[in-house]
Amino acid sequence: MRVLLRRAVFYLITAWAAISLNFLLPRIMPGSPADALIAKFHGKLSPQAIEALRVLFGQSDASLWQQYLDYWKNLFSGNFGISYAYYPTPVADVLATSIGWTLVLITVCTVLGFVIGTGLGMIVGWRRGSWLDGLIPVTTLLSSIPYFWFAICVVLIFSIILHWFPLSGGYAVTETIGWNFGFIGSAVYYAILPALTIVVASIGGWLIGMRNMMVTTLSEDYVRLAEAKGLSKRRVMVTYAARNAILPSFSSFAMSLGFVVGGSIVTEVVFNYPGIGTVLFKAAQAQDYPLMQGIFLVITITVLIANMLADLMYVFLDPRTRES
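Only a predicted model underlies this, so the values are computations on that prediction, with no experimental measurement involved.

What counts, and at which threshold
Residues numbered from 1 in each chain as written. Predicted model: local features only at pLDDT ≥ 70, side-chain atom pairs only at ≥ 80, totals over all residues. Heavy atoms only, no water. Helix = DSSP H or I, 4+ residues; strand = E, 2+ residues; numbered from the N terminus. Contact = heavy atoms within 4.5 Å. pLDDT = per-residue confidence, 0-100. Buried < 20%, exposed > 50% of the residue type's maximum accessible area, 1.4 Å probe, protein only.

### Side note on the side chain of T118
- Within the secondary structure, T118 is located in helix α5 (residues 91-126).
- Setting aside residues up to four positions removed in sequence, T118 forms contacts with W206, M210 and S249.

Set out below in structure tokens:
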């Protein structure tokens, strides 16, 4: 109980520090749309107009401490300000519109990449030295290809040359957004190519990590004892070897899920997919600090929650952790 309390305090302090840093960074970074407009019309704007511009873009003349208190107040009320890039849409509405696309696409791809990669890694590690080791250089090559180049090649082959899949977008413009078969089918069809690039590029890392851990685990005494007792090869591989070898990969998987809400910027930009990655790219181009703050805040909270759940699941999966 004391250990859980310490971990909870640790995560609370980490969350406070990350959120406070998220508040501070935009205020020490140079440049803003309001300052750019004021400089552009230098000498032509009255003091009232300059003040109106600063208020319009959320730049307060209050003290830093008062801004910090207002920031926390707005945070708990869900008020993240007005987006510059999508003006006059509130940041919360922009996030609500785009985050669903990213959560579905990136979550499914992350889970598929993890399951396929660790499954192949388990088999390759168990059959080390066989022809299956040839999968390692192939998947490593696919993972090492520059991501934007790989995505462009996929678009060139499957969209431009073969015409099997659409070139970009998240759904057909002829469909009405909603829980209907036409829209869902269109969204799945448009997501196949982005999903393919993410899954193929991520398999190599999971495979080689799981394979190396399997090779290390197979030399442990408890695995040798299980084999000496005459247990089936499948039971030894899954129950004794893979269950322990997957623990480091599981921690990495939990962190990957935490970063899901940040989207895959390169993939979403190349395919013009309407997710958080595309929104973050446009926000960076427009120096949209409120929108970037909102996105980074969501990513921070999600990563902390994912790490906390990983700690709890680690205790569940590894009895040695519970004993210690």
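### Digging into the confidence of the model for the protein
- On average, residues of the protein score 77 in pLDDT, and 83% of them are at 70 or above.
- Within the protein, the lowest mean pLDDT, 56, falls on helix α14 (residues 319-323), and the highest, 84, falls on α5.

### Quick look at unusual backbone geometry
- Phi angles above zero are rare outside glycine, and H163 is one such case at about 60°.
- Within the element layout of this structure, H163 appears in the loop between α7 (147-161) and α8 (181-217).
- What makes H163 exposed here is its relative accessible area of 61%.
- Phi angles above zero are rare outside glycine, and N272 is one such case at about 50°.
- Take N272: it is sitting in the loop between α11 (265-270) and α12 (276-285).
- Judged by its relative accessible area of 44%, N272 falls in the partly exposed class.

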